[in-house]
Amino acid sequence: MKIAIANDHAAVEMKREIQSYLEEKGYEVINFGTDTNERCNYPDYGLKVAEAIKNGEADQGVLICGTGIGISLAANKVPGIRAAVCSEPVSARLAKQHNNANIIAFGARIVGMEEAKAIVDAFFGSEFLGGRHAMRVDLISEIEKKYNK
Ligand code: RB5
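Residues numbered from 1 in each chain as written. Predicted model: local features only at pLDDT ≥ 70, side-chain atom pairs only at ≥ 80, totals over all residues. Heavy atoms only, no water.

Another point: the site of the ligand. Lining the immediate environment of the ligand, one finds Asp8, His9, Ala10, Tyr42, Cys65, Gly66, Thr67, Gly70 and Arg109. In this structure, Asp8 approaches the ligand through a side-chain N or O atom, which is 2.5 Å from an oxygen atom. Protein contact buries 74% of the 290 Å² of open area that the ligand shows by itself. Per-class residue counts for the shell around the ligand are 3 nonpolar, 4 polar and 2 charged. (Near = heavy atom within 4 Å. Polar contact = N/O pair within 3.5 Å; in protein donor to acceptor, adjacent residues only side chain to side chain. Areas by Shrake-Rupley, 256 points an atom, 1.4 Å probe, with all protein chains shown as cover. Nonpolar A, V, L, I, M, F, W, Y, C, P; charged D, E, K, R; others polar.)

See below:
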């Protein structure tokens, strides 16, 4: 599985560690930056990962900013993207199992490194359960279609 990863200036160190952690587990990780501490704008990085998934370059994604909120809000503007901000592993697991999220987001100023690793483990170690959840995810797509004419 290919995982796209990106972050803003608030999360450079956490991104590096999470990228290495995922690579050690055998995932192919495509890094979209940023890799410097120079201030940048989180929507640019949320868009990079969302578009990588949208165009098939990556299967799923990881987004990290200060809180995980701004960067996921930006990614969620791309149709077909379901980015879930999670600060603990139970929500991360359910974001995959129930919501079929394709991006996991979290905040480098909110969660510690070990919690961040537990979050990605829970997310990438889970599968969408389908069934009654599929119909609800389809309803999210219907909202997108309604406003993307
Ligand atoms: C950057 O200071 C900060 O606003 C950003 O990382 C993020 O937390 C926004 O949601």
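This next bit is on helix H1 (residues 12–24). One turn of an α-helix holds 3.6 residues; hence residues three or four places apart share an orientation. The terminal C-alpha atoms of H1, which comprises 13 residues, lie 18 Å apart, in line with the 18 Å expected from a rise of 1.5 Å per residue. Those residues of H1 that fall on the buried side of the exposure criterion are Val12, Met14, Lys15, Ile18, Gln19, Tyr21 and Leu22. Among the structural elements, strand S1 (2–7), strand S2 (28–31), strand S3 (60–65), strand S5 (103–107) and helix H5 (113–124) are those in contact with the buried residues of H1. Gly26 occupies a position one or two residues after H1 and carries a positive phi of about 100°. (Helix = DSSP H or I, 4+ residues; strand = E, 2+ residues; numbered from the N terminus. Expected span 1.5 Å × (residues − 1). Buried < 20%, exposed > 50% of the residue type's maximum accessible area, 1.4 Å probe, protein only. Contact = heavy atoms within 4.5 Å.)

This next bit is on the pattern of salt bridges. Within the structure shown, the criterion is met by 6 salt bridges. Linking Glu13 and Arg16 is a salt bridge whose minimum nitrogen-to-oxygen distance equals 2.8 Å. A residue pair is termed a helical-turn pair when its members lie 3 or 4 positions apart in one helix, as Glu13 and Arg16 do in helix H1 at 3 residues. Take Arg16: its relative accessible area is 37%, and that puts it in the partly exposed class. The partner of Glu17 in a salt bridge is Lys117, with the nearest N and O atoms 2.9 Å apart. With Glu17 in helix H1 and Lys117 in helix H5, this residue pair connects regions lying 100 residues apart in the sequence. Residue class for Glu17 comes out partly exposed when judged on its relative accessible area of 35%. Given the relative accessible area of 12%, Lys117 is considered buried. One network of salt bridges, with partners in common, ties together Glu17, Glu114 and Lys117. (Salt bridge = Lys/Arg side-chain N within 4 Å of Asp/Glu carboxyl O.)

Bringing the nonpolar core into the picture now. In this structure, Ile18, Leu22, Val62, Ile104, Phe106, Val120 and Phe124 are the most contacted members of the largest nonpolar core, which totals 24 residues. Breaking this core down by element, the ones donating at least two residues are S1, H1, S3, helix H4 (89–97), S5 and H5. In terms of residue count, the dominant contributor to this core is H5 (6 residues). Setting aside its immediate chain neighbours within four residues, Leu22 contacts Ile3, Tyr27, Val29, Val62, Val120 and Phe124. (Core = buried A, V, L, I, M, F, W, Y, C linked by side-chain atoms within 4.5 Å.)

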